[in-house]
Amino acid sequence: MKSFLTILGVLLLFGEGLWAAEKKEGKVVISYLEGEVEVLKKQEKEWKKAKLYAELSTGDRIRTMISAKCDLKLSDGSLINIKESSIMDITQLLEEGAKTNSSFKLWIGEIKARIQRLKTKDSSMNFHTPTAVMGLRGTTVWLTVDWRGGTRCGFTEGHGYVWTEKKGEVAVGEGKEAEVSLEGDITVKDIVNTTVPNLVGMQLNEARSAVAASGLVVGQIRAEESTRPQDEVLSQDPVAGIKIAKQTGVNIVVAISIPPIVVPDLIGITRSAAEAKILEENLAVGSIFKDYDEIIPINVVMKQNPQPGIEVKEGTNVDFLISKGPYPKSIVPDLIGKTIAEATALLEAANLKLGEVLDLKTDKVAEGRIADQQPNPGTVVKEKSYVKVWKAVPIPVEGVKVPDLIGMDIEQARAKIKAGGLRLGEITEKAADEKGGTVWKQDPAAGTEVALESVVNLTVTKPGKPVIHYQFSTAERFVKEIPSLNLHITPNNANWAPLSLNIAGREIKLSAPPYFTTYRPTAVVGDNIIRVSAKFEGGEEAIEKITMPCYDPIPPTIVSLSRAGKGIMKLTVKDKESGIKQVRVAKKIIAPISTTTEERAGISVYTEAVYEITIPSNFSSPTIEIEILDNAGNKRERNVDDAFTIPRPDNK
């Protein structure tokens, strides 16, 4: 059937006579853009992104993608609004004085047009579709072409006609619409108006039902970040309560959850930089604390809360601790031979404090006076530090007994030995399933009577290796969300403390059991190796190299979709990291005809697969649904409704 629609031929009988003038090529201007709109210029092979206020001429083609639209403004002020998922050609733009002859071809999609009155009776405007011809003698029309070429049009103002080879010219009045079958039959009926329902506050599925019940159709669905529940309708166009024609599209804006914000790493940067970084991430500056530090420069962040990498809501307070620089220093005075009162006064004058006072059997200074001190005289220490002293007590005539040191930590044993008038000798370490740094053996034994200042040798324990247990928050091999790593460190003895833990280069102190912690990387792609080491003070280091699940946040890509023959499409898809799990076409899983995987250093970089899609001869749906799923759970969807029914301009 040779059916060819020239739609929207506008022919008005105003004006007298003809104006003799030079013929010239007219122009149209893109006066509004929203979303992804592309232009294919005459005699060019590649589509290019449309630009606002760009001029189009005869032979150019324009297309709007999903959720996109644009307006074309003609030189006489006429306006053509092109809806989403539409393709239209400019076939003629001719000007000869006041006479204009304009022609457009709508291959698929929908337009609405407001046409200015033509100035001469031999002026015209035509819109073509694959199945009919429509002419109008009015100002406002709408026109749609489905994926098979079927045509519907209507006059909301003015009147005109529709023409096909089979039926010829059929008049269409104001308030009427015409539907043209693929065979060329024309059905004219009244445009039935209905009231737009109020969709705001509904869930999307409820809104769809309400739109359908009103005899309307759901148009463009757009998502905006919001604190409202997921998929709740935030706004609609047209608004509720107005009367519009049935089967008109209602555009909906729905809520999507505001994604969590990952707390940035502030440690090691200045206060001003930290505040700027917090605000840049739409977080709030919380409490700022200060403390001295011997290494970290003044005004540099030492700690923060929440920790880096934690996901929080927008506006969450981030507290941090900044350095005040090194502690103020004091020089320890010489207290040897002084009374306790004199020593206290000297320490206060040096901005220091008297610490623990112990006894020391000695005859080197008078009884009751200070015989030793720690730190030593002249040592530079922090202000307000404590200074420990030993006061002299009489030496027993019969000598001294070695105290029982077994089970004490090394510092307690050291103090006990000194207080007893003895000296600490050699210290030998021994690995044992006991608390590290405790006295396991002593020589001489406890209770032995020895001379003053005799040497006591000790054997102290050190912890063995801790055991690192771990598991991820998911058991899946491939993930699209970064999983948490849950660690549990098992000591051989519950008294061992503290634990030093290093996860991926970050030091963590766990002061007391149970030793549990959770780590979540902030930026990983693919398989990552996390190095975890743990050891107790004075103990041996345990190391685990943990392979994370493959993190793949990127959905598959449709590389190409082309016609491979009559009723056959060729689909090529590609996925990084996790690979392609399955492809569904019209809800049925299909197998690839070929698969290519590229690896680097034994790691899969991407997988590319080719599929053949056979379209049944009785296929009547307006779209072909394609769904690609990768092994991480990412999904790519596409509805194909025009790729194989619309020829390029050179194949008209």
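Draft legend 1. Fine view of the confidence of the model for the protein. Looking at the protein, pLDDT values average 82 and 87% of them are 70 or higher. With pLDDT under 50 throughout, residues 1-20 is counted as low confidence; its partners more than four residues away or in other chains account for 84 contacts. When the criterion is pLDDT under 50, residues 642-652 qualifies, and its contacts beyond four places in sequence or with other chains add up to 24 contacts.

Draft legend 2. Summary view of the packing of aromatic side chains. Here the structure, examined in full by the defined rule, presents two aromatic pairs. Centre to centre, the rings of Tyr292 and Tyr327 are 5.0 Å apart; their planes meet at 40°, and the pair counts as tilted. Placement of Tyr292 in the loop between β24 (284-291) and β25 (301-305) and of Tyr327 in the loop between β27 (317-323) and β28 (329-331) is noted, with a sequence separation of 35 residues between them. Taking the relative accessible area as the measure of exposure, Tyr292 reaches 28% and is therefore partly exposed. By relative accessible area, Tyr327 is classed as partly exposed at 23%. The positively charged end of Arg63 is found above the aromatic ring belonging to Trp47, 4.0 Å away from the centroid. Between the NZ or CZ atom of Lys382 and the centre of the ring of Tyr327, over which it lies, the distance is 4.0 Å.

Draft legend 3. Structural view of the pairing of strand β9 (residues 79-82). Two elements, strand β8 (residues 69-74) and β9, share four bridges in a ladder whose sense is antiparallel. Counted as the bridge partner of Lys73 is Leu79 from β9. When β9 meets strand β11 (residues 99-114), the two strands line up antiparallel, connected through four bridges. Its bridge partner lying in β11, Ile82 is registered against Ile111.

Draft legend 4. Quick peek at unusual backbone geometry. Omega for the bond connecting Gln374 with Pro375 falls within 30 degrees of zero, at 5°, which places this linkage in the cis form. By the secondary structure assignment, Pro375 is in the loop between β30 (370-374) and β31 (380-382). Between Asp443 and the following residue, Pro444, the backbone shows a cis peptide bond with an omega angle of 5°. Within the fold, Pro444 resides in the loop between β35 (439-443) and β36 (449-450). Located in the positive-phi region is Ser85, a residue other than glycine, with phi close to 55°. Residue position: Ser85 is located in the loop between β9 and β10 (86-96). The backbone phi angle of Ala586 is positive, close to 50°, even though this residue is not glycine. Classification of Ala586 as partly exposed rests on a relative accessible area of 39%.

Draft legend 5. Geometry of the sheet that holds strand β53 (residues 624-630). Here we have four strands laid out as an open sheet, ordered β50-β49-β53-β54, and antiparallel in their pairing. Sheet topology places β50 (588-590) and β54 (635-640) at the edges, where each strand pairs with a single neighbour. The sheet shows a mean angle of 25° between the axes of neighbouring strands, taken without regard to direction. When strand β49 (residues 580-585) meets β50, the two strands line up antiparallel, connected through three bridges. Residue pairing across strands places Val585 opposite Lys588, the latter belonging to β50.

Draft legend 6. Quick look at the nonpolar core. Core analysis: the largest hydrophobic core is formed by 35 residues, its most contacted members being Ile62, Ile80, Met88, Phe104 and Val162. In contact with Ile62, other than residues within four places in its own chain, are Ile30, Val37, Glu38, Val39, Trp47, Leu56, Cys70, Leu72, Ile82, Ser86, Ile87 and Met88. Counting 21 residues, the second-largest nonpolar core is a separate cluster that includes Leu501, Ile503, Ala534 and Ala542.

Draft legend 7. Up close: the sheet that holds β24. Strand order across the open sheet formed by three strands is β24-β27-β25, with mixed pairing between neighbours. Strands at the two margins of the open sheet, each flanked by one partner only, are β24 and β25. The sheet shows a mean angle of 25° between the axes of neighbouring strands, taken without regard to direction. Here β24 pairs with β27 via six bridges, running parallel. In the strand pairing of β27, Phe289 is matched with Leu321. Helix α2 (residues 271-280) contacts β24, β25 and β27 of the sheet and is inclined by roughly 160° relative to β24.

Basis of the calculations
- Residues numbered from 1 in each chain as written.
- Predicted model: local features only at pLDDT ≥ 70, side-chain atom pairs only at ≥ 80, totals over all residues.
- Heavy atoms only, no water.
- pLDDT = per-residue confidence, 0-100.
- Contact = heavy atoms within 4.5 Å.
- Phe/Tyr/Trp six-rings, centres within 6.5 Å; stacked < 30°, edge-to-face > 60°.
- Helix = DSSP H or I, 4+ residues; strand = E, 2+ residues; numbered from the N terminus.
- Buried < 20%, exposed > 50% of the residue type's maximum accessible area, 1.4 Å probe, protein only.
- Lys NZ or Arg CZ within 6 Å of the ring centre and 35° of its normal.
- Pairing = 2+ DSSP bridges.
- Axes fitted to C-alpha atoms, helices over the stretch in contact; angles between N-to-C directions.
- Core = buried A, V, L, I, M, F, W, Y, C linked by side-chain atoms within 4.5 Å.

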